[in-house]
Amino acid sequence: MNDLISSSEIEKKISAIITPTIETLGYELVRIRLVPGETSTLQIMADRKSGEIDVEDCSIISRDISVLLDVEDPINDAYILEVSSPGIDRPLTRLKDFSNWQGYEVKLETYELINGQRRFKGEIYNIEKDNITLANNGKFIELSFELISEAKLILTDNLIKDVLRNRKSIKAFDLENF
């Protein structure tokens, strides 16, 4: 099963280099993008398994993977390294992300036309094996994960409320166990 963490060969190579370190630090790699420009930007999104990452976490990840990238030198030209949180309206890059966010709205694109379209929007209704069912206005469409080229949660009041509620409960739990 593929994922949407990286799309180009260079991104896949960088992923192979940095993923073990990111995981050893207690994080998960969410997405890598090498954005071309006068000076390219290497965007790394990471998260905790608990779902919250802060500036300090990004700094730790940046410091540790910078050393690896300097040694391995997978990018020929100069680049800027950006490490960030995926945010509330996060990209969904693995099949498990769709399961974790079932019931929330998503917009996604596919590699090929399905029923005459490539862009879809709807609530993640069901995940069965490698198939994702979206619901939109009483209509359902089932898509194979393998056909999805990009997916992202849609920022809604319900999503914001639930994420903030979850963060408060995590912090309360941390304080109780301090």
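Residues numbered from 1 in each chain as written. Predicted model: local features only at pLDDT ≥ 70, side-chain atom pairs only at ≥ 80, totals over all residues. Heavy atoms only, no water.

Some details on the nonpolar core
In terms of nonpolar packing, the biggest core is built from 22 residues, with Phe 98, Leu 108, Ile 124, Ile 132 and Leu 134 touching the most fellow members. Elements that contribute at least two residues to this core include exactly helix 3 (95–100), strand 4 (105–114), strand 5 (117–128), strand 6 (131–136), strand 7 (139–144), strand 8 (148–153) and helix 4 (157–176). With sequence-adjacent residues up to four places away left out, Leu 134 is seen in contact with Val 106, Leu 108, Phe 120, Gly 122, Glu 123, Ile 124, Tyr 125, Lys 139, Phe 140, Ile 141 and Leu 143. If you look at the next biggest cluster of nonpolar residues, it comprises 18 residues, including Ile 17, Leu 29, Cys 58 and Ile 61. (Core = buried A, V, L, I, M, F, W, Y, C linked by side-chain atoms within 4.5 Å. Buried < 20%, exposed > 50% of the residue type's maximum accessible area, 1.4 Å probe, protein only. Helix = DSSP H or I, 4+ residues; strand = E, 2+ residues; numbered from the N terminus. Contact = heavy atoms within 4.5 Å.)

Topic: helix 2 (residues 55–72)
When the terminal C-alpha atoms of helix 2 are compared, their 25 Å separation across 18 residues agrees well with the 26 Å that a helix rising 1.5 Å per residue should span. Every buried residue of helix 2 is listed here: Asp 57, Cys 58, Ile 61, Ile 65 and Leu 69. Of the surrounding secondary structure, the elements contacted by the buried residues of helix 2 are helix 1 (9–24), strand 1 (27–35), strand 2 (40–48) and strand 3 (79–84). Measuring from the backbone nitrogen of Glu 56 back to the side-chain oxygen at the start of helix 2 gives 3.1 Å, which picks out Asp 54 as the cap. Directly after helix 2, the chain includes Asp 73, whose backbone phi takes a positive value near 50°. (Expected span 1.5 Å × (residues − 1). Polar contact = N/O pair within 3.5 Å; in protein donor to acceptor, adjacent residues only side chain to side chain.)

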